[in-house]
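Here is how the chains run, residue by residue.
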Amino acid sequence: GAGVSQTPSNKVTEKGKYVELRCDPISGHTALYWYRQSLGQGPEFLIYFQGTGAADDSGLPNDRFFAVRPEGSVSTLKIQRTERGDSAMYLCASSLGGGVQETQYFGPGTRLLVL
Amino acid sequence: AQTVTQSQPEMSVQEAETVTLSCTYDTSESDYYLFWYKQPPSRQMILVIRQEAYKQQNATENRFSVNFQKAAKSFSLKISDSQLGDAAMYFCAYRSAGSQGNLIFGKGTKLSVKP
């Protein structure tokens, strides 16, 4: 079956603008994760959804970042008033049920550049 | 808070030879999971191997094996009979058994394979 997909693959925006990044998890996966990967770094956790609800949003850096998953499938990461420091690769991952032993399957990422 | 350290930013190996990538972690927990993920250039991150902390036996997956030293908090990855397709960034990751499931990653090791 299809893997995790993310759109757009690249996004260039200007400082202060609003952006939305989309993630389509593997069909049937109830757990969905967002990570941010800065250049030369490993991914850093942002938020975790179990179904429609955000089970853990402790990684969101500030209130400019928000994510939704209204129907328990597709998720959108929203960034308001973008800053140059938001430039990074944004990765989405999904797993079947969210159990700690389960494999997280990653998407190809969205590379965000804020000018 | 848990941390993961990969002290080798870059490694190089000759095709068909063996290479070991190092990873250490810091935690006060006794129950957790450790992972090695591979991120090929411009491609998705994929799981290479997983180790449960309560298991003394080291995990193996074909040419990939780990050396898990719980007391030393060390989790190295050995790649045998290296192939050109093994060239990638390799990330070590930690996941608490009691957490909501997010992964904590190291900074990664870039592996080059010479023909």
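Check the entry above for the structure.
Note that the coordinates shown come from a computational prediction; the quantities given were computed from them, not determined experimentally. (Residues numbered from 1 in each chain as written. Chains lettered and ligands numbered in written order. Predicted model: local features only at pLDDT ≥ 70, side-chain atom pairs only at ≥ 80, totals over all residues. Heavy atoms only, no water.)

Draft legend 1. Structural view of the sheet that holds strand E3 (residues 19-24) of chain A. All names here are of chain A. Read from one edge to the other, the open sheet built from 4 strands follows the order E1-E3-E8-E7, with strand pairing classed as antiparallel. Edge positions in the open sheet fall to strand E1 (5-7) and strand E7 (65-68), since each of these has one partner strand only. For this sheet, the mean inter-axis angle between neighbouring strands, taken without regard to orientation, is 15°. Of the pairings in the sheet, the one linking E1 to E3 comprises 3 bridges and is antiparallel in character. Of the residues in E3, the one forming a bridge with threonine 7 is arginine 22. (Pairing = 2+ DSSP bridges. Helix = DSSP H or I, 4+ residues; strand = E, 2+ residues; numbered from the N terminus. Axes fitted to C-alpha atoms, helices over the stretch in contact; angles between N-to-C directions.)

Draft legend 2. View of the interface of chain A and chain B. Tallying the contact residues gives 23 residues for chain A and 20 residues for chain B. Carbon and sulfur atoms make up 51% of the surface buried where chain A meets chain B, a total of about 1,700 Å² over both sides. In terms of surface lost to chain B, no three residues of chain A exceed Pro43(A), Val100(A) and Phe106(A), which account for 33% of the buried area on that side. Joining chain A to chain B, the criterion identifies 0 salt bridges. Inspection of the chain A/chain B interface yields 8 residue pairs in polar contact (both at pLDDT 80 or more). Those elements that provide at least two residues to the side of chain A that touches chain B are strand E4 (31-37), strand E5 (44-50) and strand E6 (53-56) of chain A. The biggest single contributor to the side of chain A that touches chain B is E4(A), with 3 residues. Residue composition of the side of chain A that touches chain B, by class: 11 nonpolar, 10 polar and 2 charged. (Contact = heavy atoms within 4.5 Å. Buried area = accessible area lost by both parts, 1.4 Å probe. Salt bridge = Lys/Arg side-chain N within 4 Å of Asp/Glu carboxyl O. Polar contact = N/O pair within 3.5 Å; in protein donor to acceptor, adjacent residues only side chain to side chain. Nonpolar A, V, L, I, M, F, W, Y, C, P; charged D, E, K, R; others polar.)

Draft legend 3. Up close: the state of the cysteines. Applying the stated rule across the entire model yields 2 disulfides over all chains. Paired through a disulfide, Cys23(A) and Cys92(A) show a sulfur-sulfur distance of 1.8 Å. Taking the sign of the S-S torsion, about -65° here, the bridge from Cys23(A) to Cys92(A) comes out left-handed. Within this pair, whereas Cys23(A) is found in strand E3, its partner Cys92(A) is found in strand E9 (residues 88-95), the two being separated by 69 residues in sequence. The burial state of Cys23(A) is the same as that of Cys92(A); both residues are buried. Covalently, Cys23(B) is tied to Cys92(B) through a disulfide, its sulfur atoms 2.0 Å apart. Judged by the sign of its S-S torsion, about -70°, the cystine formed by Cys23(B) and Cys92(B) is left-handed. Taken together, the positions of Cys23(B) in the loop between strand E3 (19-21) and strand E4 (24-26) and Cys92(B) in strand E10 (residues 88-96) put the pair 69 residues apart, joining distant regions of the chain. (Disulfide = S-S within 2.5 Å. Buried < 20%, exposed > 50% of the residue type's maximum accessible area, 1.4 Å probe, protein only.)

Draft legend 4. Molecular detail of the environment of Ser96(B). Along the chain, Ser96(B) falls in strand E10. For Ser96(B), a relative accessible area of 7% translates into the label buried. Distance from Ser96(B) to Asp86(B), taken between C-alpha atoms, is 28 Å for residues 10 residues apart in sequence. Leaving out residues up to four positions away in the same chain, Ser96(B) has contacts with Val100(A), Glu29(B), Asp31(B) and Tyr32(B).

Draft legend 5. How the structure looks around the nonpolar core. Residue and element names in this part refer to chain B. Ranked by size, the top nonpolar core spans 25 residues in total, and within it Tyr25, Trp36, Phe75, Leu77 and Tyr90 carry the most contacts. When residues of this core are traced back to their parent elements, those giving at least two are E3, strand E5 (32-39), strand E6 (46-52), strand E8 (64-69), strand E9 (74-79), E10 and strand E12 (109-114). With 4 residues, E10 is the single largest residue contributor to this core. When residues no more than four places from it in sequence are discounted, the contact partners of phenylalanine 75 are Cys23, Tyr25, Leu34, Phe35, Trp36, Gln51, Val66, Asn67, Phe68 and Cys92. (Core = buried A, V, L, I, M, F, W, Y, C linked by side-chain atoms within 4.5 Å.)

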